[in-house]
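Reading the structure
Each chain is listed here by its residues.
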Amino acid sequence: MAIRYRLEQCKFTNDKNYGKYYARTVKNTEVTMEEIEREIQENCSAKVSDVRLVMTELFDTIRRAMLDGHVVNMGEMGKMYIGVKSMPADTPEDFHTDRNITGFRCIYTPFGQRFGNADGDMSHKIHRRLTDGCTAKRATS
């Protein structure tokens, strides 16, 4: 199945691409945790309850590691860690955690490998297995 997209025009007048068109992904419905659990059960000997147990413990373990400041490396799935959102301060002395830290976010980077050209030079292209097999199709509406 192809990733569907639609064209949108840039409407920000201060953007160098103002008036130009770009692709925006059209998302399908959500896949629920229950649907994932059932599919895993169909593909292996684990029962839904086993999958749910492991998924819940995986979430808790990843969360604890990230709250301790670790980068969680999940192999071919990628890496994730917690990033800080903050407001700038003029000097280090002017920076206060309670005022300048505005929030946190989970940063996820899918696993990827750089590949080189025929000369052996590493290019800026990265192969990501999560996107293997992706094709694009313009949405009709």
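Quick caveat, the model's predicted, so the values are computed rather than measured.

Some remarks on the overall build of the chain
A tally of regular secondary structure across the chain gives three helices and eight strands. Each helix and strand of the chain, placed in order from N terminus to C terminus, yields the pattern β-β-α-α-β-β-α-β-β-β-β. By the compact-globule yardstick of 14 Å for 141 residues, the chain is too spread out, its C-alpha radius of gyration being 21 Å. Taken over the C-alpha atoms alone, the chain extends approximately 60 × 45 × 45 Å along its principal axes.

Some words on a nonpolar patch on the surface
A cluster of nonpolar side chains, namely Val31, Met33, Ile36 and Ile40, defines an oily patch on the protein surface of about 310 Å² accessible area. Of note, Val31 is situated in the loop between strand S2 (21-25) and helix H1 (33-43). The class of Val31 is exposed, set by a relative accessible area of 57%.

So, the sheet that holds strand S8 (residues 136-138)
Pairing between the strands of a sheet comes from backbone hydrogen bonds, and it takes one of two forms, parallel or antiparallel. The strand order across the open sheet built from three strands is S2-S1-S8, with neighbouring strands paired in mixed fashion. Strands with a single pairing partner mark the edges of an open sheet, and in this sheet they are S2 and S8. Taken over all neighbouring pairs, the strand axes of this sheet differ in orientation by 45 degrees on average, direction set aside. Looking at chain direction, strand S1 (residues 3-9) and S8 are connected through three bridges and run parallel. Across the sheet, Arg4 pairs through a bridge with Lys137, a residue of S8.

Section: the environment of Ile107
The topology assignment puts Ile107 in strand S5 (residues 101-109). For Ile107 and Glu76, which are 31 residues apart along the polypeptide, the C-alpha to C-alpha distance reads 16 Å.

Cut-offs applied
Residues numbered from 1 in each chain as written. Predicted model: local features only at pLDDT ≥ 70, side-chain atom pairs only at ≥ 80, totals over all residues. Heavy atoms only, no water. Helix = DSSP H or I, 4+ residues; strand = E, 2+ residues; numbered from the N terminus. Rg over C-alpha atoms; globule rule 2.2 N^0.38 Å. Patch = residues over 30% accessible without salt bridge, like charges linked within 9 Å, V, L, I, M, F, W, Y side chains within 5 Å. Areas by Shrake-Rupley, 256 points an atom, 1.4 Å probe, with all protein chains shown as cover. Salt bridge = Lys/Arg side-chain N within 4 Å of Asp/Glu carboxyl O. Buried < 20%, exposed > 50% of the residue type's maximum accessible area, 1.4 Å probe, protein only. Pairing = 2+ DSSP bridges. Axes fitted to C-alpha atoms, helices over the stretch in contact; angles between N-to-C directions.

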